[in-house]
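# Observations on chain architecture
Listed below, chain by chain, are the residues.
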Amino acid sequence: MVKKVPGSKSSKPSPRPSAPAGKSADQQSADIVSAEDIKAQQRLLNIFNDTFREVLSDDNFATLLQKVKQALYNRDFEAAFGSEQFLEVYAARWSPARALCYSRILNQIGDDLKALLLAAPGWDESEDDEVERGRVSPTVDLEEEYVNPSSTLRVLAIGGGAAEIVAFGDYLRGAGDGIYGDITLLDTGPWGEVVRKLHTGLTTLPPLSKYASAAAKASNAALVEPATRLRSTFVQRDVLRLDSEGLSKQLGQTPLLITLLFTLNELYTSGGIKMTTAFLRNLTSTIPVGSLLLVVDSPGSYSEAAVGKEAKKYPMQWLLDHTLLQTEKLPSEGCTWEKLKSHDSIWFRLAEGLRYPIELQDMRYQMHLYRARPRPSD
């Protein structure tokens, strides 16, 4: 369980819930965390703590948090995510644990991600028209030129925000100095400023106490170095309302990782099965072959659709597979899909000894990974 730092105003953490019976081998191995992993996870929590220190220490934090919770409970997402103040409260409260979980998932699919690394001499701005692609909110304006990375991993995080950029930064940390990252985060909420602040936290030196030792000062380093290894952009768009041309501009022409992290079931619920299925078919017809699609969501997620005069609920995973894996029903143009990994329920448990100003919770999720394959010749 994450321990609170001294001075925290929140109540005493409740005991950790016991593991469910019949836990799978995957779930058992997920609970084993090395000292090195704990240290790395603490660095991510420190980035959130440093970035949102004023938010977390605000006397009105509990009141604002309750307002965000109430808006989420009422499914009033415009209210919950409509202001920067609420987004910062959300990011400080829920994004840290998710970032740790997403980082672990990215590392678990590391072998699959290697295939996406592009041997390219940096980003050629003449071929990357940011206005054309919809990159209306670059998070950081770096003074240095991008210099010949040996490999670049591109990510389009649909519904992405605080947790996704921190998890991706941590993946780059462990991927090796020659690996560069380019992540576009696309969501309807105004996450641009939150993403910019976290990008800065990932790529600049962490603040140290004025009493820090010489050794601490000498060893102080940014999570991602040099800063040019990470490029991030926020795009405020509704993915369900992008046509094929608009989605293609976001995807680009080379293989990439597309993530739907705790987003797909929300698309089914808020946009409806018809619009979400249309989006998945649109993705199928425009995604570069070789790309990966990573879907993470709450286990047992269901979405409701009207069948005749009655409403019927369908498991999210069934809807996803029904759309992607029935090749004969896919668009005639574009790719087919291969399912690489699938887990119905996995626990992510926070390690003992981690510290954060407020209590964070363990989380449980389902995970599915697909690869876009070329359509067989007729």
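Residues numbered from 1 in each chain as written. Predicted model: local features only at pLDDT ≥ 70, side-chain atom pairs only at ≥ 80, totals over all residues. Heavy atoms only, no water.

## Focus: the packing of helix α7 (residues 95-108) against helix α10 (residues 162-175)
Basically, it comes down to this: As a rule, the C-alpha atoms of each element are fitted with a line to give its axis, helices using only the stretch in contact, and angles between N-to-C directions run from 0 to 180 degrees. Secondary structure is summarised from DSSP: a helix means a run of H or I of at least four residues, a strand means a run of E of at least two, and numbering begins at the N terminus for each. Orientation is classified from the angle alone, with under 35 degrees giving roughly parallel, over 145 giving roughly antiparallel, 65 to 115 giving roughly perpendicular, and any other angle giving oblique. Two helices crossing with the near one rotated counterclockwise from the far one by less than a right angle form a left-handed crossing, whereas a clockwise rotation gives a right-handed crossing. Residue contacts follow a heavy-atom distance rule, with two residues in contact if any of their heavy atoms lie within 4.5 Å.
Contact pair α7 / α10: the axes reach a minimum separation of 8 Å and the direction vectors enclose 40°. Looking at the two axes, α7 sits oblique to α10. For the crossing formed where α7 meets α10, the hand is right-handed. Across from Ser95, Arg98, Ala99, Tyr102, Ser103, Leu106 and Asn107 in α7, the residues of α10 making contact are Ala162, Ala163, Glu164, Val166, Ala167, Phe168, Asp170 and Tyr171.

## A short note on the pattern of salt bridges
Selection rule: By definition here, a salt bridge exists when the distance from a side-chain nitrogen of Lys or Arg to a carboxyl oxygen of Asp or Glu is within 4 Å. Any residue under 20% of the maximum accessible area for its type is buried, any over 50% is exposed, and the rest in between are partly exposed; the area is computed with a 1.4 Å probe on protein chains only.
Applying the stated criterion across every chain yields a total of 15 salt bridges. With a closest N to O distance of 2.6 Å, lysine 341 and aspartate 112 form a salt bridge. Here lysine 341 is found in strand β9 (residues 336-348), whereas its partner aspartate 112 is found in helix α8 (residues 110-114), with 229 residues between them in sequence. A relative accessible area of 27% places lysine 341 in the partly exposed class. The shortest N-O distance in the salt bridge between aspartate 112 and arginine 371 comes to 3.8 Å. In this pair, aspartate 112 is assigned in helix α8 and arginine 371 in strand β10 (residues 363-373), connecting sequence segments 259 residues apart.

## Remarks on the nonpolar core
One broad rule of soluble globular proteins: the nonpolar side chains tend to lie buried together. Quick note on the threshold: Only buried Ala, Val, Leu, Ile, Met, Phe, Trp, Tyr and Cys residues count toward a nonpolar core, and they belong to the same one when joined by side-chain atoms within 4.5 Å.
Judged by nonpolar contacts, the single largest core of 71 residues is most densely connected at Leu113, Trp191, Leu198, Leu294 and Tyr365. With eight residues, the single largest contributor to this core is α10. Counting residues in hydrophobic clusters, the runner-up holds 32 residues, among them Leu260, Leu264, Leu283 and Cys335.

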